Every structure is written in structure tokens, then in C-alpha cells.
Amino acid sequence: MNTLEQQAVDLATEIYGLTATTATALPGEMDQNFRLETQDGRRFILKIAADERDDELLDLENAALRHLALETLPLRIPRLVEPPSGPSERVRLLTWVDGRLWVDVPERGPALRRSLGAAAARLDRALATFHHPVAIEREHDWDLRWAHRQARHVSQVAEGNRQALLDHAFQQYSGHLRDAWPTLPPSVIHGDLNDYNVTVDERGESVFGLFDFGDLTASHRVCEVAIAAAYGCLGEDDPVAAALDVLAGYHQILPLEEDEIAVFFPLVCARLAVSLVFAARRRAQAEGNEYLLVTEKPAWTALERLAQSSPAQGEDRARGMCERKPAPGGGQAPDSLSATRKRRIGPSLGLSYRQPLKIVRGRGPYLFDHRGRPFLDLVNNVCHVGHAHPRVVEAAHRQMARLNTNTRYLYDGLTDYADRLASLLPEPLEVCYFVNSGSEANELALRLARTHTARRRLLVMEGGYHGHTEQLIGLSHYKFLGKGGAGAAGPDVSVVPAPDAYRGRHRRTGGPQDADLGRRYGEEVGRVIEESNDPVAAFLCESLLSCGGQVEPPAGYLADAFERVRAAGGVCIADEVQVGFGRVGEAFWGFGLQSTPEAPVVPDIVVLGKPIGNGHPMAAVVTRREFAESFATGMEFFCTFGGNPVSCAVGLAVLDVIEEEGLQENARVLGGRFLAGLRQLAGRHPLIGDVRGRGLFLGLELVRDRHTLEPAAEEASAIVEEAKKDGFLLSTDGPLHNVIKIKPPMVLTADDVDRTLRALDRAFAAHSPS
């Protein structure tokens, strides 16, 4: 071994405790790279960062590799080997990616080129949920968004026909991309899938692995496939056909939009032109570094042949190739699917957004449409621990493969889950009933209360929503007083004013009297009780109002209201379907926000749903033992699917994830970050009248006038639509439909919050009154 190779071996031993027997220097543009082999046949790559490499860029690359290590990819991606003494940024050890380099495969047919496109698409799909501030801020000359910067060097690096060829490529790029950039879907991309960064299986039939993430950046996803195609067509007799093969493979996995297809060939040519300009500029300084210049000759040939086709011909061929490829997951196109839905599904079931989304996949806080575009889901509080959380999916799959039956048999899962759930609730809430939905749970809670008290009258809250059954629609003020509503369920339903300190009967003033708002709204409950003709059976309320506009009651409200209800002989039911399981951050249950040592808030019955199963249909009612004993009248309570072994396994997995991933604390921290950012937006945008909520249960009430509080419902819808275009899913709610609600999966990150705030800032700026 020469001196440099010996130094590489020594560094591997010193930092990683790895004893390498051989070291082989590898080509690289900036870093020093060495292939290490151990006596037992293992291989690694040791990367020594060049002095000019920025630490933040190295952190970006490392973060991406750690992210990809958690993804399920049918590709070999290098994995970071973490040194015993902690992360090492400048000297890194990565696992070796086997296979033959793309450049060493002599005959590359259409199938292999399609495999390259498919590999690029799978990588982009995995990176769609990766975010890093440096990726967004980064600007480097290899990013195709800045290809035009190299046009100014053309006269210095080429003459005659070659200069004209480069000028033509940059002109086509500028002509096609000037107006297209804003419409192209953004993405974090690898950015350099060249013939030295791709490995192929030993038979040369498919792409095996991808490596070298040093050019990772937040760009546009079509740039990824264009870069891969630029290198995939090198050395081919028909580079247009070769590039189309790469495009076809990509589109089959991750379909491209019309605008992306239109700019595909100009981007391929631009990448080749940028490579040629860089090669010429570095020729003087690249002596001895063949890696920088090795693609120069085939790149000139490919660019010359690509230039023989007009842009229109290239676009037509690209479009024709893509039209022959099925969408991922199959199924109907959105327009066709909407038409079928109108024929087969009841018209009272609506869709979100003016242009409905066809969603085919979810992961973490993201949903992906049929084109593969990711959307940050900011309204799905059902998938509490994230879409398709692997721990929850695996628990359901494992239990389903073993046993699924009903509660007339003994099995550990039912009592294990009941014990776990009861341990998270304050005493004396200890007896559990399991059902399938929040609506069913609320129905059961009312039966428990009415049976225990032998009374019928119910108190419900203004703006409340509790489910879709006939009885619950008649108890849900949000529904029975809204469009199509037929009024309350009957004379034994009384409505108490919503404890809304912004728009309600008693409002915040910013003075010391605000501390008394909870008691004043509690007095409203007492007033309704006194005015009732019949004794009260129960007070059914959401701990925080959801459909009522993301309203958090003033401090002390529930304690005061519950005391008055119990004094009248009634039962207190807390509907936690929307806000339970740590969503509010500072407490595990919404009603816990109202508890103090002096005035603890403990409902008599708690209703749980939505997040309890992370999308699996399950719900629960937990109550005091004396209520359960009152309910045992001789009539059996039985729910066919409630508490089945699969549901219990899912419920336990959800609780494990909440605890082990610290999701309640995540909600508390990110909720504070979100609230602070939303309040800053309110300072800049007069449309925002109120910012409210707790943890990851937040709302923005939009008004046209902050004094009259005239609701801005149309503007709220416009903001939601604008955010959707930007890749953020929001929704409106509230009795006046002017509240933008934010209640995302709990696995949101700080970067997700910051990007949402920037997107909302842009949306409000676009729709603010002039």
C-alpha cells in the first residue's frame, strides 16, 4: 500500500475500530475515497472530506443516508457506520455497495435503462419525506435550476460548431424553463446519478445500487430523471431512444406531470451542456484526475445527436412514451374515478378541494397522490402516529395471521389493552367497553348515563359534534342547526353556549377579568340546567371543540360546569374522539388541560375514537365501576368486532409508539413553535382574527374586520386551496366555516412546521385584501 492508502487504513482503525487488510484509492471529484477490505471479506468505503467541503453539507448527506436506512428500498444504498466515540463528520465510513459500475457494463439495453429510471423514481419517492434546511438553502452549479449560469462561459470553453451546440442547448433550456419552474413539483433529489454512481447486477440486467449523495439538494423531481437520462444515453447509438427508456422506467414508478414531460429533453441537454462546460473549464486543473473528464467525449456525441431532433419532436416522443405507462397501483384516473363515484356513492358524501386528490399511499405525516406527489397532511388526526406506521401495521398483520375472534372468548389482548388504557386515565375511570367508531362509542356513553341516572334530558354544547347516527346528529348542534339540519333530537335536548372567548357570549378583553371567563361560561351551564323542565341525565361535551372551530375552553370551565352538572344529579361525559392521546401536548387527554390540584377535572365517562387505532376502526368508552354495574341490567352488551384481538394489538402498538417516540412531548414543543409562528403571521395578515389551540390541535379564525368579526369563509377556502397547490393539506371548519384547522399526525417535525408557516405566509399574501 502507498502512503495515502496506509493512512486510510490507520484512520479506519483509529476512529472506527475497523481492521482493514487492504485499501484501494477510488476516483472522486473532491473527497478522497478508499475501498477497504477486512480479513473476513467485508468491504467498506472510507471517505475523507476535502478541506473545502462544508460541514453543513456533510450533515445533509449523512442525514439523508440515515433517512434512507429506514426506508424499504429494493436498492442497495450505502449506510453510515457510526464510530464508537460518536459521529465523525470529516472522516466517514460507509458500507460498500456491491455490483458493477454502470460505466463498466459494455452493453446496456432498454431493460437496463428502464431499470435506471425506476431506481431513480424509487429513490425520489423515498426522499419525498426527507427534509433538511441545508437542502432547501443550497445553491450549487450542478443543480439544473442554475444551469443558465454556465452559459456565460461558452465562448471561453468552445469554438465553432461546439460553441453553437452549447449555445443551442442553453437557449432551449431558457426558452422552456423560464415559465415552467414554478409549476414543476419540487423534491429533494440525489442530483448526480451518473455512470460512476450507479451499480448494476453482475449479469448487467438491472440497477443494483446507488451511492455518492454529495450533490443532494432540494430541486425539482424531473431534474432527477433528466440527469439520470443524460448519463444513461452516453455511448448509445440512439441517445433519444436511450433517454426515453430511462424516462419510461421512472414514469412507471413515479408518473410525471404534463409540464415535467414537456421540459424533460431540454433538461437532458442542459445537463450534458453543463458537464461539458465544467470539463472544459477544469481541463487545465484536472491533470491526473481522469474522473472529471471521462464523460466528455461521449457527452459531445450525445448532445450532437439530441440536437438533431426539434424540441417539439422530443416532447412528442416523451409524451407518447409516458402515455403508454400505467399509473402506480393501477386503477382509474381521477376524472374517471370521480365519475364512477358519482354513479355509485351517495351524493351526500363530499370530497375535499376543488380538484379532488386521488391518494394512493401514505407515510408518516405525508400523503401521496397517483402521480407520486407528496402532500404534508395537516388535518388527519386519525392517523395519530403517522400514516402506515410500520409498528402498527406489523402488529395488525401479526395478530391477523394468528387469531381474530370476538370477546366471548378469553384472550390476553383484551385485558392487556384495557389495563393499559385504564392506567392512562385518572381514577376512578377503570371499566372499558370496546366498539368500532366514535359514533358508536358516544351512543354507548349516552346509554350508560341514562341507565345510571334513570333520566333522559341531555345538555350538549353549541357547535358540538359527536357522530353520524340519527340520535347523535340530533345532539350535535354543529349538524342539526347547519345546512340540511332538522333541529335538535327532541324536547329533552338543551344547548349550552360554546365557551368561545373570541366570538362567544363572554369574550377576552386582555384585562384581568379574562381570568374569570371559565366561571362565567360555567354559569351559563347552570342557567340552562335551571331552565330545564326535566332533571338532567348528562352533559355531553368535547374537551376542546373541533367542528365548533378548534376552540379551547377558558381555564376553569370544565371544573365549574362539571360541578354544576353533578350538583343537579347529572353525569359528565368527555368526548375525546378528536383530542385524546397526547395531541394537546401538555396533557394526555384534552380534559387534563383544565385540571389543577385545587380543582381536578375527572369525567364520569370518557369517549375515545379516531386516533385510538391510527386508522384501524376502533373506539372505546371508559367509565366508573358503579356506572358499569348500573348498566348490567340483564341485557347483554355485545359488539361483534369491538375489542377483537387485532384491534387490541393495534391499540397497544399505538400506545407503545406514542410513548417510545415521545409524541406527546413532540406535540407540546411543536405546538408552541406553531402557535408562535401563526401569531407572527397574524401580525402581518389582517385576515387572521384569532390564533388558538393547544399542542397539535390549532385553529386560525379568519375575519374581514377585526372589530365586527365579519367571517371570511370564502377567503379561508381560498387559503386552503392555495396551500394545497403548494403541497400542504388543510381544511376549514367552525359554524361559520371560517376557521382553518390544523391537527396533523403527531410525527410532524420542526421543519414541517416551518415549511407550513412559510406556505401559509405565501397563501395569505396572495389572498389578502388590497
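Numbering of residues starts from 1 in every chain and runs along the sequence as written. Residues qualify for local features only when their pLDDT is at least 70, as the model is predicted, and side-chain atom pairs are given and counted only at 80 or more; totals for whole chains, interfaces and linings, by contrast, use all residues. Only hydrogens and water are set aside when side-chain values are computed; all heavy atoms of the structure are taken into account.

### Re the packing of aromatic side chains
Point 1. Only centres within 6.5 Å qualify two rings of Phe, Tyr or Trp (six-membered ring in Trp) as a pair; their planes then separate them into stacked at under 30 degrees, edge-to-face at over 60, and tilted for everything else. On inspection of all chains with the given rule, the structure shows 10 aromatic pairs.
Point 2. For the pair Tyr 433 and Phe 631, a centre-to-centre distance of 6.0 Å together with 90° between the ring planes defines the contact as edge-to-face. In this pair, Tyr 433 is assigned in strand β14 (residues 429-435) and Phe 631 in helix α20 (residues 625-631), connecting sequence segments 198 residues apart.
Point 3. You can call Phe 631 buried: its relative accessible area is 8%.
Point 4. Taken together, the ring pairs connect Tyr 433, Phe 631 and Phe 637 into an aromatic cluster.
Point 5. The residue whose ring lies beneath Arg 408 is Phe 638, and the NZ or CZ to ring-centre distance is 3.7 Å. Helix numbers and strand numbers start at the N terminus; a helix is a DSSP run of H or I with at least 4 residues, a strand a run of E with at least 2. Each residue's exposure class comes from its accessible area (1.4 Å probe, protein chains only) as a fraction of the maximum for that residue type: buried when under 20%, exposed when over 50%, partly exposed otherwise. Put simply, a charge is over a ring when the Lys NZ or the Arg CZ is close to the ring centre, within 6 Å, and near the line of the ring normal, within 35 degrees.

### Observations regarding the nonpolar core
Point 1. In this structure, Phe 539, Phe 674 and Leu 678 are the most contacted members of the largest nonpolar core, which totals 96 residues.
Point 2. Among the elements that make up this core, the one with the highest residue count is helix α21 (residues 645-660) (nine residues).
Point 3. Residue contacts are defined here by distance: any two heavy atoms, one from each residue, within 4.5 Å place the two residues in contact. When residues no more than four places from it in sequence are discounted, the contact partners of Phe 674 are Leu 378, Leu 696, Leu 698, Ile 742, Leu 748, Val 753, Thr 756 and Leu 757.
Point 4. Buried Ala, Val, Leu, Ile, Met, Phe, Trp, Tyr and Cys residues form a nonpolar core when they are joined through side-chain atoms within 4.5 Å. In terms of nonpolar packing, the next biggest core, distinct from the first, is built from 92 residues, Val 134, Leu 144, Tyr 250 and Ala 299 among them.

### Topic: the environment of Asn 161
Point 1. With respect to the helices and strands, the residue Asn 161 is situated in helix α6 (residues 160-177).
Point 2. On the basis of relative accessibility, which here comes to 71%, the residue Asn 161 falls in the exposed class.
Point 3. In the structure, Asn 161 is positioned 143 residues away from Glu 304 in sequence and 9.7 Å away in space, judged by C-alpha atoms.

### Thoughts on α21
Point 1. Between the first and last residue of a helix there are one fewer steps than residues, each counted as 1.5 Å, and that sum is the expected span. In a regular helix each residue adds 1.5 Å, so 16 residues correspond to 22 Å; α21 covers 22 Å between its end C-alpha atoms and thus fits that length.
Point 2. With 13 of 16 residues buried, α21 lies mostly within the body of the structure.
Point 3. Between N or O atoms, a polar contact is any pair within 3.5 Å; within protein, one atom must be a potential hydrogen donor and the other a potential acceptor, and residues adjacent in sequence are included only when both atoms are from side chains. N-capping of α21 is provided by Asn 644, with a side-chain oxygen placed 3.0 Å from the backbone N of Val 646.
Point 4. Trailing α21 by a residue or two, Gly 662 shows a phi angle of about 60°, which is positive.

### Some remarks on the sheet that holds strand β13 (residues 374-377)
Point 1. We treat two strands as partners when DSSP finds at least two bridges between them. The strand order across the open sheet built from four strands is β11-β12-β13-β23, with neighbouring strands paired in mixed fashion. Strands at the two margins of the open sheet, each flanked by one partner only, are β11 (359-363) and β23 (728-729).
Point 2. In terms of strand pairing, β13 meets β23 through two bridges, oriented parallel. Paired with Asp 377 across the two strands is Leu 729, which belongs to β23.

### Quick look at the confidence of the model for the protein chain
Point 1. Confidence of the prediction at every residue is given by pLDDT, a number between 0 and 100. Across the protein chain, the average pLDDT comes to 90, with 96% of residues at 70 or higher.
Point 2. Segment residues 324-329 is flagged for pLDDT under 50; beyond a separation of four residues in sequence, or across chains, it makes 10 contacts in the model.

### Some remarks on helix α15 (residues 438-453)
Point 1. Given a rise of 1.5 Å per residue, 16 residues ought to cover 22 Å, and the 23 Å separating the end C-alpha atoms of α15 matches this to within 8%.
Point 2. Considered for burial, the residues of α15 that qualify are Gly 438, Ser 439, Ala 441, Asn 442, Leu 444, Ala 445, Leu 446, Leu 448, Ala 449, Arg 450 and Thr 453.
Point 3. One or two residues past the end of α15 sits Ala 454, with phi positive at roughly 55°.

### Some points on the packing of helix α7 (residues 221-232) against helix α9 (residues 258-282)
Point 1. The contact between α7 and α9 brings their axes to 8 Å, and the two run at 55°. Classified by the interaxial angle, the pair formed by α7 and α9 is oblique. Regarding α7 and α9, the two cross each other, and that crossing is right-handed. For the pair formed by α7 and α9, the contact residues are Arg 221, Val 222, Cys 223, Val 225, Ala 226, Ile 227, Ala 229, Ala 230 and Tyr 231 on the first element and Glu 260, Val 263, Phe 264, Leu 267, Val 268, Arg 271, Leu 272 and Ser 275 on the second. The axes are straight lines fitted to the C-alpha atoms, using for helices just the contacting stretch, and the angles between their N-to-C directions are given from 0 to 180°. In what follows, roughly perpendicular refers to angles from 65 to 115 degrees, roughly parallel to angles under 35, roughly antiparallel to angles over 145, and oblique to any angle outside these ranges. Note on convention: near helix rotated counterclockwise from far helix by under a right angle means a left-handed crossing. Clockwise means right-handed.

### Description of the sheet that holds strand β21 (residues 688-694)
Point 1. On the basis of which strands lie adjacent, the open sheet formed by four strands has the order β21-β22-β25-β24 and antiparallel pairing. In this open sheet, the two strands that pair with only one neighbour each are β21 and β24 (731-733). Averaged over all adjacent pairs, the angle separating strand axes in this sheet is 30°, with direction ignored.
Point 2. With three bridges connecting them, β24 and strand β25 (residues 739-742) associate as antiparallel partners. Counted as the bridge partner of Ser 731 is Lys 741 from β25.
Point 3. Helix α23 (residues 713-725) contacts β22 (697-702), β24 and β25 of the sheet and is inclined by roughly 160° relative to β24.

### Overview of the state of the cysteines
Point 1. Put simply, a disulfide is two cysteine sulfurs that come within 2.5 Å. One pass over the structure, following the stated rule, counts zero disulfides.
Point 2. Not part of a disulfide, Cys 432 finds its nearest cysteine sulfur in Cys 648, a span of 9.8 Å.
Point 3. With a relative accessible area of 18%, Cys 432 lands in the buried category.
Point 4. The structure places no disulfide on Cys 639, whose sulfur is separated from the nearest cysteine sulfur, that of Cys 648, by 11 Å.
Point 5. Given a relative accessible area of 6%, Cys 639 falls into the buried group.

### Considerations on unusual backbone geometry
Point 1. Residue Pro 428 is reached from Glu 427 by a cis peptide bond, and omega for that bond is 5°.
Point 2. When you line up the elements, Pro 428 lands in the loop between α14 (412-423) and β14.
Point 3. Unusually for a residue other than glycine, Gln 550 sits at a positive phi of about 55°.
Point 4. With respect to the helices and strands, the residue Gln 550 is situated in the loop between β17 (536-542) and α19 (557-567).
Point 5. You can call Gln 550 buried: its relative accessible area is 0%.

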